[in-house]
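Each chain, letter by letter, is given below.
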Amino acid sequence: MNSSGAGHLITLEPADSLSFSLSTNSTPQAALTISNPSSVENVAFKVKTTRPMRYLVRPNQGVIGPNSSATVLVILQQKDCDELLRLDQAERQLSNDKFLVQSVGVEAEFCDLLTKKSSKEVNDDLTSLWNQAEKAQISNKKLRCRFTEGTIGGGSSNDLSTPQQLSNALLDNSPTDGAASSNTSSVHPPTSYGSSSSNGRSNFATASYASGPTDDAAARTLELASEMAVLRKKYDELVAFTVQLTAQRDTLINDLDKFRQQNQKLTAEQTRLKRQTTEMGTLRQRRTTTADADASTPRHPDAVSAPAPATKPITFFHVLVCAVLFFLVGRYYA
């Protein structure tokens with residue numbers, strides 16, 4: 001664990017890394033306990049991560065009273081869990097996912113005012129506090145992420161894979177409804193820390209201002225985590241369905257273009273045949289008109305018919321030739 005910043009100290013459990021036990025169709029969870037060992041100083045904390053779109057943190061900021069602690073729930077989303085499962089062990093070890101826990105001392109009057117404000121006002125006050133805090137006053141502690149593959153419940157002690165483990169971890173230091181975590185999330189390069197995303201109302205993580213642990217807080221957190229997993233699954237299904245519809249739309253557009261081209265060809269062919277039929281009908285009509293005109297034209301009464309060809313008379317030479325032929329034929333058959 002790396003630490004830097006002001007002289008005030010907070011302790012983390014676990015101190016070096018958060019361990020997530022990966023399994024199919026699950027949302028691995030890990031609990032981070034932030035303790036304030038000081039007996040007089042109030043401490044504000046804030047949790048950041050290099051992968052704000054991969055993790056959900058509840059709460060991601062709050063205030064811890066003297067000699068008190070707060071439990072922060074870190075949830076790895078199901079889609080990213082399945083993505084990590086597709087990697088081998090060596091590739092998962094190269095993951096550069098990290099968390100940064102920042103802390104700064106705050107006055108007791110500031111904490112008293114927070115208990116009297118609404119969640120949105122508390123969130124605005126904490127955001128303003130971090131914007132105005134000097135870097136020299138901020139203490140930083142870093143945690144790495146480790147991923148192990150196994151059945152549900154087979155992770156390390158800080159890995160909360162079952163509802164009972166999650167409930168027990170939250171009931172150890174159950175916060176009250178006094179402060180709100182940030183609902184905004186920002187994407188940063190892997191080498192920088194960005195505020196982790198957080199949904200729903202956050203709680204005032206301090207024992208001195210808490211009314212005591214209740215089962216309602218744990219049940220509410222479990223319900224939110226379950227709803228988030230269901231919504232994430234529905235979102236993935238909706239995206240897949242949208243991609244499928246887009247592919248079908250492209251196919252229909254291509255088919256429509258082909259039908260349009262075929263329709264244009266058929267229309268051109270129909271026009272050509274119609275033109276040929278019209279031309280043939282016109283030509284036939286012209287021929288019929290010409291024949292009718294020739295038939296209806298009367299002949300002139302004085303018209304002289306062409307003389308018949310003259311018939312040549314039979315001569316003696318013709319008779320002689322016939323006689324010779326008959327003689328020869330008779331001698332041949334005699």
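- For the chain, the name recorded in an unreviewed UniProt entry is MSP domain-containing protein, with Aphanomyces astaci as its organism.
- Under the UniProt heading Sequence similarities (unreviewed entry), the entry covering the chain gives this text: "Belongs to the VAMP-associated protein (VAP) (TC 9.B.17) family."
- Under the UniProt heading Subcellular location (unreviewed entry), the note attached to the chain is "Membrane".

**Observations concerning the packing of aromatic side chains**
Thinking step 1. Going through the model one piece at a time under the given rule, you end up with 3 aromatic pairs.
Thinking step 2. When the ring of Y55 is compared with that of F99, the centres are 5.0 Å apart and the planes differ by 65°; the resulting orientation is edge-to-face. With Y55 in strand β6 (residues 55–58) and F99 in strand β9 (residues 98–106), this pair connects stretches of sequence that are 44 residues apart.
Thinking step 3. Classification of Y55 as buried rests on a relative accessible area of 0%.
Thinking step 4. By way of ring pairs, the aromatic residues F20, Y55, F99 and F147 are connected into one cluster.

**Brief notes about a nonpolar patch on the surface**
Thinking step 1. Taken together, F316, L320, V324, F327 and L328 make up a surface patch of nonpolar side chains, about 540 Å² in accessible area.
Thinking step 2. Relative to the elements of secondary structure, F327 occurs in helix α7 (residues 316–333).

**Here's the deal with the side chain of R54**
Thinking step 1. Within the secondary structure, R54 is located in the loop between β5 (42–49) and β6.
Thinking step 2. Beyond its immediate sequence surroundings of up to four residues, R54 is in contact with I75, L76, Q77, D80, E83, L84, S95 and D97.

**Considering the nonpolar core**
Thinking step 1. Counting 26 residues, the largest nonpolar core has F20, I34 and F99 as the members making the most contacts within it.
Thinking step 2. L126, W130, A133 and I138 belong to the second-largest nonpolar core, a separate cluster that totals 12 residues.

**A closer look at helix α4 (residues 119–132)**
Spacing of three or four residues puts side chains on the same side of an α-helix, whose turn is 3.6 residues.
Thinking step 1. With 14 residues, α4 extends 20 Å from end C-alpha to end C-alpha; this agrees with the ideal 20 Å at 1.5 Å per step.
Thinking step 2. Within the sequence span of α4, burial applies to S119, V122, N123, L126, L129 and W130. In an axial view of α4, the angular spread of the buried residues amounts to 125°, which keeps them on one side of the axis. The outward face of α4, more than 90 degrees from its buried face, is lined by the exposed residues K120, N131 and Q132.

**Here's the deal with the environment of V101**
Thinking step 1. Along the chain, V101 turns up in strand β9.
Thinking step 2. In this structure the C-alpha to C-alpha distance between V101 and Q61, which are 40 residues apart in sequence, comes to 9.4 Å.
Thinking step 3. Apart from the residues within four sequence positions on either side, V101 is in contact with I10, L12, L32, I34, K46, S139, N140, K141 and L143.

**Some details on the pairing of β6**
Thinking step 1. Residues Y55 and V57 point to one face of β6 and L56 and R58 to the other, with burial holding for every one of them.
Thinking step 2. Across 4 bridges, the pairing between β6 and strand β8 (residues 68–76) is antiparallel. Bridge pairing in β8 links R58 to L73.

**Re the pattern of salt bridges**
Thinking step 1. A complete count under the given rule lists 8 salt bridges for this structure.
Thinking step 2. A salt bridge links D125 to K117; the nearest nitrogen and oxygen atoms lie 2.6 Å apart.
Thinking step 3. A residue is classified by how much of its surface remains accessible, and K117, at 31% relative accessible area, is partly exposed.
Thinking step 4. What emerges from the salt-bridge pattern is a single network uniting R51, R54, D80 and D97.

**Things to note about the confidence of the model for the chain**
Thinking step 1. Across the chain, the average pLDDT comes to 76, with 72% of residues at 70 or higher.
Thinking step 2. Note on residues 152–157: pLDDT is under 50 here. Beyond four places in sequence and across chains, it has 7 contacts.
Thinking step 3. Of the regions scoring below 50 in pLDDT, residues 196–215 engages in 72 contacts with residues more than four places distant in sequence or in other chains.

**Structural notes on unusual backbone geometry**
Thinking step 1. Following E13, the chain continues to P14 via a peptide bond in cis, the omega torsion being 5°.
Thinking step 2. Topologically, P14 is positioned in the loop between β2 (11–13) and β3 (17–22).
Thinking step 3. Residue P59 follows R58 across a cis peptide bond; omega there is -15°.
Thinking step 4. Phi angles above zero are rare outside glycine, and N67 is one such case at about 55°.
Thinking step 5. Mapped onto the fold, N67 is located in the loop between β7 (61–64) and β8.

**Points about the pairing of β3**
Thinking step 1. Burial runs high along β3: 6 of the 6 residues are buried.
Thinking step 2. Covered by surrounding structure in β3 are S17, S19 and S21 together with L18, F20 and L22, the residues of both alternating faces.
Thinking step 3. Bridging between β3 and strand β10 (residues 139–149) involves 6 bridges; their strand directions are parallel. Counted as the bridge partner of S17 is R144 from β10.

About the criteria used
- Residues numbered from 1 in each chain as written.
- Predicted model: local features only at pLDDT ≥ 70, side-chain atom pairs only at ≥ 80, totals over all residues.
- Heavy atoms only, no water.
- UniProt positions renumbered as here; feature names shortened; annotations may be inferred.
- Phe/Tyr/Trp six-rings, centres within 6.5 Å; stacked < 30°, edge-to-face > 60°.
- Helix = DSSP H or I, 4+ residues; strand = E, 2+ residues; numbered from the N terminus.
- Buried < 20%, exposed > 50% of the residue type's maximum accessible area, 1.4 Å probe, protein only.
- Patch = residues over 30% accessible without salt bridge, like charges linked within 9 Å, V, L, I, M, F, W, Y side chains within 5 Å.
- Areas by Shrake-Rupley, 256 points an atom, 1.4 Å probe, with all protein chains shown as cover.
- Salt bridge = Lys/Arg side-chain N within 4 Å of Asp/Glu carboxyl O.
- Contact = heavy atoms within 4.5 Å.
- Core = buried A, V, L, I, M, F, W, Y, C linked by side-chain atoms within 4.5 Å.
- Expected span 1.5 Å × (residues − 1).
- Arc of directions from axis to C-beta.
- Pairing = 2+ DSSP bridges.
- pLDDT = per-residue confidence, 0-100.

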